[in-house]
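These are the residues of each chain, in order.
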Amino acid sequence: MKLLMINSWEELLTAAAIGIMVVFSVLFVLVLLFELFQVIVLKVAKKKVVKSGIDVDKIKDIPANEIAAISMALYLYLDSMHDEESNVLTIKRIERRYSPWNSKIYGLNNLHR
Amino acid sequence: MKLLMINSWEELLTAAAIGIMVVFSVLFVLVLLFELFQVIVLKVAKKKVVKSGIDVDKIKDIPANEIAAISMALYLYLDSMHDEESNVLTIKRIERRYSPWNSKIYGLNNLHR
Amino acid sequence: MKLLMINSWEELLTAAAIGIMVVFSVLFVLVLLFELFQVIVLKVAKKKVVKSGIDVDKIKDIPANEIAAISMALYLYLDSMHDEESNVLTIKRIERRYSPWNSKIYGLNNLHR
Amino acid sequence: MKFYLKSNNIEGMKNFRYKIGFLALLLISLFPISIFAQSSGSENLVIESLQKFWNNTGLANFEFKYLAMIVVGLVFIYLGIAHKWEPLLLVPIGFGILIGNVPFTDGFRIGIYEQGSVMNILYSGVVQGWYPPLIFLGIGAMTDFSSLISNPKLMMLGAAAQLGIFVSFIIAYAVGFSPAQSGAIGIIGGADGPTAIFISSRLAPELMGAIAVAAYSYMALVPVIQPPIMKLLTTNKERKIRMKPPRQVTKLEKIIFPIIGLLLTTFISPSAMPLLGMLFLGNLLKESGVTERLADTARNALLNSITILLGVTVGASTQADRFLTVDSLMIFGLGAFSFMIATAGGVLFAKIMNLFLKEGNKINPLIGSAGVSAVPDSARVSQDVGLSYDKSNHLLMHAMAPNVAGVIGSAVAAGILLGILS
Amino acid sequence: MKFYLKSNNIEGMKNFRYKIGFLALLLISLFPISIFAQSSGSENLVIESLQKFWNNTGLANFEFKYLAMIVVGLVFIYLGIAHKWEPLLLVPIGFGILIGNVPFTDGFRIGIYEQGSVMNILYSGVVQGWYPPLIFLGIGAMTDFSSLISNPKLMMLGAAAQLGIFVSFIIAYAVGFSPAQSGAIGIIGGADGPTAIFISSRLAPELMGAIAVAAYSYMALVPVIQPPIMKLLTTNKERKIRMKPPRQVTKLEKIIFPIIGLLLTTFISPSAMPLLGMLFLGNLLKESGVTERLADTARNALLNSITILLGVTVGASTQADRFLTVDSLMIFGLGAFSFMIATAGGVLFAKIMNLFLKEGNKINPLIGSAGVSAVPDSARVSQDVGLSYDKSNHLLMHAMAPNVAGVIGSAVAAGILLGILS
Amino acid sequence: MKFYLKSNNIEGMKNFRYKIGFLALLLISLFPISIFAQSSGSENLVIESLQKFWNNTGLANFEFKYLAMIVVGLVFIYLGIAHKWEPLLLVPIGFGILIGNVPFTDGFRIGIYEQGSVMNILYSGVVQGWYPPLIFLGIGAMTDFSSLISNPKLMMLGAAAQLGIFVSFIIAYAVGFSPAQSGAIGIIGGADGPTAIFISSRLAPELMGAIAVAAYSYMALVPVIQPPIMKLLTTNKERKIRMKPPRQVTKLEKIIFPIIGLLLTTFISPSAMPLLGMLFLGNLLKESGVTERLADTARNALLNSITILLGVTVGASTQADRFLTVDSLMIFGLGAFSFMIATAGGVLFAKIMNLFLKEGNKINPLIGSAGVSAVPDSARVSQDVGLSYDKSNHLLMHAMAPNVAGVIGSAVAAGILLGILS
Ligand code: NA
Ligand code: NA
Ligand code: NA
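First, a word on scope: everything that follows refers to the structure included in this document. (Residues numbered from 1 in each chain as written. Chains lettered and ligands numbered in written order. Predicted model: local features only at pLDDT ≥ 70, side-chain atom pairs only at ≥ 80, totals over all residues. Heavy atoms only, no water.)

Working definition: two side chains of opposite charge can pair if their charged atoms are close together. Counting across every chain of the model gives 24 salt bridges over all chains. Where D:Glu287 meets D:Lys286, a salt bridge forms, and the shortest distance between an N and an O atom there is 2.8 Å. In this pair, the class of D:Glu287 matches that of D:Lys286, namely buried. Here E:Glu63 ties to E:Lys65 by a salt bridge, and the two come within 3.7 Å at their closest N and O atoms. (Salt bridge = Lys/Arg side-chain N within 4 Å of Asp/Glu carboxyl O. Buried < 20%, exposed > 50% of the residue type's maximum accessible area, 1.4 Å probe, protein only.)

Structural data, given as structure tokens:
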């Protein structure tokens, strides 16, 4: 059932070469898809912003760290939202997952110190 | 694969005797190890106490039950410490079960929305 | 091991008929049992009410929705009761493990009452 | 620094420089290979190897039937997430359908029907039939039978709604299924996923995928299927019947219920033991007041774990080459029919019971449909339809009685079918 | 509207109208069948089928021995719920006894001893012996060995209380059991359910039901069995001995304990590895301070899941036709005897140790009985008996040392018996 | 009463009375045996039996190779607890190494390689390869792919870091391993424990212990291995590159990511299905917003249970007589090499990408090393190294993108190797 019967150096090197190329290709297609997706999402978002009458140019120069802070606040707010019904009276068991605006990163080895 | 082929009373009694002796021996060695360990730990602890300038003789007569109480408080304090990050801000996760007097009905599909 | 070897329409219809009858019978017996049970329970309850001196007739006309509300409140109250030690308003679910300075000992049989 | 939302800042789209560069790199990386291939005279090898690799991709093995199933899976996920229809079931099953319908070639231990593959191992709990009882354990540990205990006669509606099982059992036989297969198909009308999976694992393993998907689909579609039938079969006056609030149930009754329930149902239908034994065990753990710790695990960690495994493997078992058959189509038809008969059975039986009940004790027939189980969706449907005719008539608490009785009823029916047909 | 508690409002009891109506309905539903039966000349078929159905019900297969076991199951549940004696064990086991003693006929994959049945599959964790080590993992993750670390010599009481194991091992052989069976029976005196199940799965699977039920019964009966023996063997003065409070134990000691404990005990008794390996692993996860997440799952979700599965299958394994034998009776007798000897062993050894201890360091022999393990019930018995003689003498924290040492002691003893007899 | 900390109060050390007494007791207990032995002429029996018992202890079977492995286990535990390096892995694996290296004799169902032993049963999830996918389910339910979605091109770094896999695959073949073994060894460079275990269970079960231990060791050593390479391959200017903050990602994107991710990766590499199917399922459960209950169990109870079982059995599989071979040593060497190449691959590819990116969009090559996965340690390393050159340049959020892409990348690579070599 093997794809390749590896008996020689040529075959092994071929296998390695195919391997690395496929890894690159798969992730590259994923990159393309999500860049495409991103453009769509951003266009939609921009339209909404325009509709809502907010002047995009005015908010153009908000410093990066402020944006990060706002985003994080928003993120936490939105994140807690969809749990609202599950944990009545619970502010929420904060799972320490990673988010780009959150330096407390998750991971097998730091969920509990 | 048996250690002993038990065919006679002699062999059975021997087995029982070996058994009880091994149990005693194992736990006895454990006792010895931890008494030894204890001495070391206490010596280190005493040194630290001496270094820290606390007069051991002065605190010598704290009644046993006071010590127990203090220890317990410390224990609970320390115990809650290392969990501090996992449950912060959580009051209680209320299980939403159905009851006829409760319109938030349970079920596989609405425990979480 | 089959109960019936179904080879014909007659046998299939018989099987279906027996099936639906048994379902009805089983649940019907369950109904009878719990109606009987209910009578007993209510008699006991009534006696208690009489003993306690509450005038049943006076409370006779409480509107249904009020009863529902009261029942629900009671239910939630009672429901939270038997969990009282395990979680309510607990910042942390304190595992009741034994420690020598702690008389609430752990163990399979007393982690929850 | 410019505001990052502005699209002229999205590199990679506006300027393609890095993408072009990357393609160049890929080509460059091919360079040494081709040189090496030429030098060693193994040019063919590279092409051949790539060919072989390609033959094993899902792209090479693609057929439209897989795409059809993938679309089904996406619809399941969509309904679960966007419409919140049984999301705990539809999301894992839908994703499982995706997993099961990525085309592959045999021999790499990928497919769910391939001995030794991970999916096959996880699927064994479905095949051997022990996932459903564990799910019933969790359901038992979540279910409050109070409404049923306080008004036992409503239990009969949970019996009447099993009519769909037996009617579709007969029809399935009529359209050509074997008796055992017919029994497994009939059980779709029980509106109980775990029961349906358990029965088909025993009576017709070859149909399990279709039966499971049909059962869960229709359970999710309860709010669509039931209301028209309920409205058709009831008069305006009936729909406005108000029922008395149930009485408070004592703790003793709640503890005794699972014990009596177990003994009674399984003495008459021992084959229902795996399902009902676990259901009532879970309920006793919940109600005993001294085993909350166990009930908690049964209804959370254990139930959730099994739900994920069951959902994803049942979904993956719908591999297009096995699933897209005329049989499957017929099963879907029969399942829908079964659900409708079951709904009608519950509603009509309530009307029949009303003939014998004096004024003031009459049953609102809208709660009859809840007897199909599909806990708690069909009870909620009763509530919603009831409210649409009388805004202050809350039927939910009454509907829960036939609703949970329907679980018991279909497990008993399942036991009988197993006894007769296995 | 009348108040719903008034009994004259409980329809269905006062007026039997609907019940009569229902019976009429049942008869009516028989009508088409009988007509059909007559018309097709298959009258016999219906009766025959009903006959066959009846033959498979629990009612038809009923025998009084099943009733006897069901009563035992109910007693277990009652003791667990009403008296709160080991409810986490007695409730699942009791309900399992009910499940196992609903009479059935073979061939439908219902019984726990029938290949491929759900109960049989869940029982495999008992038969193969991997449930007990996972329970030990959870127990390890719950147990605080501080009291034992702070006063190591009390560990010897946990060794002395294993005397019951070996004495009843000898007696069991004397009354006619095989050596392997005798070993499995003796372990009841270890007062440790998982250990007893693990050993009997290896040495005498045919006796496992009886041994497990005996072990758990006596563990639940510890507050009844131990006090008389404790009082008999101690003087009034001894019962009032006060012991010094244990010292505070450092974190380092707690971390090192499971490591040393593992290496020492399993180097001498490698067969105890499955139990002690997991016990100490659980304890290290608890004490390390960096794996609380794992310890939490081990002592909750995992422990609870296995406890339910172990309890219900061990209960169900007491199927009357296999369980109600003279052997089982003798096992119960030997188990009780074993517990008494174990209790006496712990108490007497404390008295012997006192001969060598100087005034002020003497051990209160009432804590000796806690060496049987049965954590934490027997420690609580020491406390209660102690308090009944001196209201301010709290023995609990001291009794925990022999108590947890008893777990280690009986696991070591189990390992030796396995090594010698398996 | 004296203060209990004073050492002159620690009986048992200052005065040896009770210890001497105890030894006397032991001798006394030998007395009746010796008398009995003499009287029955079976003096030899006792000695012979003791001899046999001794032969089965770990002491009698002791060899230094076991001690060596026990020391390795202790080091793992020490690193996990004291240094908090991957404690959730190193503590169970370390303790497992202890368990697996207590010497024993065959035939008592103790060893992990002995059919029917408890460890062997628990190990079957490793051998059959279904523990790793369940771990991936939990990881998926924990992972937030936002950073990757918001800056997709960083995903390519997660591809580049898989270079280590293929380079060491070639080298392993060069030093004499079979192609399948070479593939399993290469995967160590994927820096993903579950993936490595899954692949070696399929390609080279005989090397699994060594590969797993190597993979986890180096994952724990990431903070030691990576920084020198990162510094070697970057200029000072590059290390100070600041990257733009990622944009906010919509919920829809997060939901679609696991679906697209699944279809794309597994259409091209179907053999990666068990790992990637579960990873993306877990992520969908997390992001759907309607299955939080399932995601919660997947990332807690289920993940923790499997982590314990996987850790302890993988540890125990390093039984010295099978583990201490030249092959193992070479695997450790190749593993370290693989990690270094992977790190270099990520860093260098970032530099190459920079050639095509215009000013302001350039990538800080320090985040390239995070592409090896070893989530989240290698991302943290990027952050720390970055900070050491510019105290206000936080690279963590950017490094998370290649970091989680590395998980996908090595699973894809694993799928390809499986397809080619299995
Ligand atoms: Na149903
Ligand atoms: Na014991
Ligand atoms: Na990786």
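Structure shown, so let's carry the discussion forward.
Our focus in this paragraph is the packing of aromatic side chains. All chains considered together, the criterion is met by 36 aromatic pairs over all chains. On the basis of an interplanar angle of 75° and a centroid distance of 5.0 Å, the ring pair of D:Trp130 and D:Tyr131 is categorised as edge-to-face. Residues E:Tyr218 and E:Phe339 carry aromatic rings whose centres are separated by 5.8 Å and whose planes lie at 50° to one another, so their mutual orientation is tilted. With E:Tyr218 in helix H12 (residues 208-220) and E:Phe339 in helix H19 (residues 326-356), this pair connects stretches of sequence that are 121 residues apart. (Phe/Tyr/Trp six-rings, centres within 6.5 Å; stacked < 30°, edge-to-face > 60°. Helix = DSSP H or I, 4+ residues; strand = E, 2+ residues; numbered from the N terminus.)

The next point concerns the coordination of the sodium ion (ligand 1). All names here are of chain D. Protein-derived ligands of the sodium ion (ligand 1) are Gly 190 (O), Val 372 (O), Ser 373 (OG), Gly 406 (O) and Ser 410 (OG), with the metal-ligand distances lying across 2.2 to 2.9 Å. Each donor residue of the sodium ion (ligand 1) belongs to the same chain, and together they define the spacing G-x181-V-S-x32-G-x3-S. Here Gly 406 pairs with Ser 410, and both are found in helix H21 (residues 396-421), just four residues apart, close to one helical turn. Across the pair, Ser 410 and Gly 406 agree in class, each one buried. (Donors = N, O, S within 2.8 Å, 3.2 Å for Na, K, Ca; no water.)

With that settled, the discussion passes to helix H21 (residues 396-421) of chain F. If you check H21(F), its first and last C-alpha atoms are 36 Å apart, about what 26 residues at 1.5 Å a residue would give, namely 38 Å. With 26 of its 26 residues buried, H21(F) lies for the most part within the structure. (Expected span 1.5 Å × (residues − 1).)

Another aspect to go through is unusual backbone geometry. Within the chain, E:Lys84 stands out as a residue other than glycine whose phi angle is a positive 55°. Within the secondary structure layout, E:Lys84 lies in the loop between helix H3 (64-82) and helix H4 (87-100). Phi angles above zero are rare outside glycine, and F:Ala191 is one such case at about 55°. One can find F:Ala191 in the loop between helix H10 (179-186) and helix H11 (193-203).

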